[in-house]
Amino acid sequence: MHELLVSFAKWLEGTPWAVGVRTSLWAYPFTQLIHFTGLSIWIGTNLALDLRLIGVGKQRETAAQLADDLFAWNWIGFCIVLLGGFLLFSSTATTFLVNVAFQWKLGVLVPLALVWHIIVQRKARAWGQTSDTPIIAKFSGLTEILLWISVITAAVEIPNH
Amino acid sequence: MWEALEQSGWVKTFGSTGWMYASVSVIHYLTMFWFIGSIAVVDLRVMGVAARKRNVAELADQIFPWAWTGMALAIVSGFFMFAADAGDWAPDPVFHVKLLMIAISIVFAIIVQRGAPTWAAAPEIPSYAKIIALISLLLWIGTILSASEIPALEGLG
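Residues numbered from 1 in each chain as written. Chains lettered and ligands numbered in written order. Predicted model: local features only at pLDDT ≥ 70, side-chain atom pairs only at ≥ 80, totals over all residues.

## Regarding the overall build of chain A
Alright, step 1. Secondary structure assignment for chain A yields 7 helices and 0 strands.
Alright, step 2. Starting at the N terminus and ending at the C terminus, chain A contains elements arranged as α-α-α-α-α-α-α.
Alright, step 3. For chain A, the spread of C-alpha atoms along the principal axes amounts to about 55 × 30 × 25 Å.
Alright, step 4. Looking at chain A as a whole, 41% of its 161 residues qualify as buried.
Alright, step 5. Long-range contacts, defined as pairs at least 24 residues apart, comprise 84% of the intrachain contacts of chain A with a sequence gap of at least 6. (Helix = DSSP H or I, 4+ residues; strand = E, 2+ residues; numbered from the N terminus. Buried ≥ 20, exposed ≤ 12 C-beta atoms within 10 Å, placed from the backbone. Contact = placed C-beta atoms within 7 Å.)

Structural data, given as structure tokens:
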């Protein structure tokens, strides 16, 4: 399995897009731009639903309404994140692969946060029918925020490892 | 002056303590994504490509307080990061571009927030409102780009 990943990473690094991102002065920041723009939409829409479930902030909309409003752009944002992230990863794939912080980020924390998010998003329709949300909704929203904070923490630690 | 800020007691401690700087970086990224994404959703709604079922004013009223909270936290955490290397950041031209972009973007965000009730009351969202929302969106993307260019062009951050 490990062998397979390493050879995949080596192949990725040699692809034209990976070489482009790695060697051009402008391509790397532009790729980062894709990743960060996607992350803004993703985190912005996630936190809006989580905070509404917790009950922090205005209550103009119910959590169910907000989940419905934000659903499409939430996942468009995720696709943009994925595109930018894949390109960034490709540029120095073999280095990322052996980075402990990256392993935690992509191997553990992102899958965990993502699964949690999908559950919260699905449940929000039931939890968010009325303005006041049940305690399980508040707990779940808070947990999701903490999970994304752990993802960002791992990301920030990548250069230190 | 900026060197003095960098060398002052608490800033020195903050800048040289790994976990402190990392924690503030996490706050900066989180709150930055949070507030830009929030404003972007309202911009997209005004442009007519998001949450079309929802009234613009209602959505703006729900989302904007979170956006301003996130922005305030991003500015405070950003100042800490700036202070830690103030001598390098202060004269950097690309950093100046970033700050200018932020200032203009904030003006547009305020215009969108204040315009939302009026635009929502109209039978159809006026074209000029959609253009303002598009500019607001593009300005934030430009802000992120200028931020990403700083390490690439100047080796800072």
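Next comes the rest of the account.
## Structural notes on the overall build of chain B
Alright, step 1. Tallying secondary structure elements over chain B gives 7 helices and 0 strands in all.
Alright, step 2. Counting from the amino terminus, helix and strand elements in chain B follow one another as α-α-α-α-α-α-α.
Alright, step 3. Along the first, second and third principal axes, the C-alpha set of chain B runs to 60 × 25 × 25 Å.
Alright, step 4. Considering chain B as a whole, with its 157 residues, one finds that 39% of them fall into the buried category.

## A word on helix H3 (residues 27-54) of chain A
All names here are of chain A.
Alright, step 1. The first and last C-alpha atoms of H3 sit 40 Å apart over 28 residues, in line with the 40 Å expected at 1.5 Å per residue.
Alright, step 2. The buried count for H3 comes to 24 of 28 residues, which makes it a mostly enclosed element.
Alright, step 3. Of the residues trailing H3, Gly-55 is marked for its positive phi of about 100 degrees. (Expected span 1.5 Å × (residues − 1).)

## Considerations on the packing of helix H4 (residues 56-84) of chain B against helix H6 (residues 93-121) of chain B
Between two packed helices, the angle of one axis relative to the other and the distance separating the axes together describe the packing.
Residues and elements named next belong to chain B.
Alright, step 1. Put simply, H4 and H6 touch, their axes get as near as 7 Å, and they point 155 degrees apart. In terms of their interaxial angle, H4 and H6 are classed as roughly antiparallel. Seen from above, H4 lies across H6 with left-handed handedness. Together, Val-56, Ala-57, Ala-60 and Phe-64 of H4 and Gln-113, Ala-116, Pro-117, Trp-119 and Ala-120 of H6 make up the contact between the two elements.
Alright, step 2. When its residues are assigned to classes, the contact of H4 with H6 shows 8 nonpolar, 1 polar and no charged. (Axes fitted to C-alpha atoms, helices over the stretch in contact; angles between N-to-C directions. Parallel < 35°, antiparallel > 145°, perpendicular 65-115°, else oblique. Left-handed = near helix turned anticlockwise from the far one by under 90°. Nonpolar A, V, L, I, M, F, W, Y, C, P; charged D, E, K, R; others polar.)

## A closer look at the interface of chain A and chain B
Often, the extent of an interface is quoted as the loss of accessible area upon association of its parts.
Alright, step 1. Taken together, the contacts link 31 residues of chain A with 29 residues of chain B.
Alright, step 2. Only H3, helix H4 (63-91) and helix H7 (135-157) of chain A provide two or more residues apiece to the side of chain A that touches chain B.
Alright, step 3. When residues in the side of chain A that touches chain B are grouped by element, the largest group, 16 residues, is from H3(A).
Alright, step 4. Per-class residue counts for the side of chain A that touches chain B are 19 nonpolar, 7 polar and 5 charged.

## Some remarks on the packing of H3(A) against helix H6 (residues 100-127) of chain A
All names here are of chain A.
Alright, step 1. Contact pair H3 / H6: the axes reach a minimum separation of 11 Å and the direction vectors enclose 50 degrees. Considering their axes alone, H3 and H6 lie oblique with respect to each other. The hand of the H3/H6 crossing is left-handed. Contacts between H3 and H6 pair Asn-46, Leu-49 and Leu-53 from the former with His-117, Gln-121, Ala-124 and Trp-127 from the latter.
Alright, step 2. By residue class, the composition of the contact of H3 with H6 is 4 nonpolar, 3 polar and no charged.

## A few points about the nonpolar core
Alright, step 1. One finds Val42(B) and Ile63(B) to be the most contacted residues of the largest nonpolar core, which totals 67 residues.
Alright, step 2. Counting residues per element, the ones that place at least two in this core are H3, H4, H6 and H7 of chain A together with helix H3 (18-47), H4, H6 and helix H7 (127-154) of chain B.
Alright, step 3. Sequence-distant contacts of Val42(B), defined by excluding residues within four places in its chain, comprise Leu59(B), Ala60(B), Ile63(B), Phe64(B) and Val112(B).
Alright, step 4. With 8 residues, the next largest nonpolar core counts Ala18(A), Leu87(A), Ala93(A) and Phe96(A) among its residues. (Core = buried A, V, L, I, M, F, W, Y, C linked by C-beta atoms within 7 Å.)

## Some points on the environment of Leu44(B)
Alright, step 1. By the element assignment, Leu44(B) lies in helix H3.
Alright, step 2. The buried category is assigned to Leu44(B), around which 20 C-beta atoms lie within 10 Å.
Alright, step 3. Once the C-alpha coordinates of Leu44(B) and Ser136(B) are considered, the two residues, 92 residues apart in sequence, prove to be 9.9 Å apart.
Alright, step 4. Those residues in contact with Leu44(B), other than ones at most four positions away along the chain, are Trp73(A), Val49(B) and Ala50(B).

## Some details on the environment of Leu30(B)
Alright, step 1. Summarising the element assignment, Leu30(B) is placed in helix H3.
Alright, step 2. Between the alpha carbons of Leu30(B) and Ala74(B) there is a distance of 8.1 Å; along the sequence they are 44 residues apart.
Alright, step 3. For Leu30(B), the residues in contact, after removing those within four places along its chain, are Ile43(A), Ile149(A) and Ile152(A).

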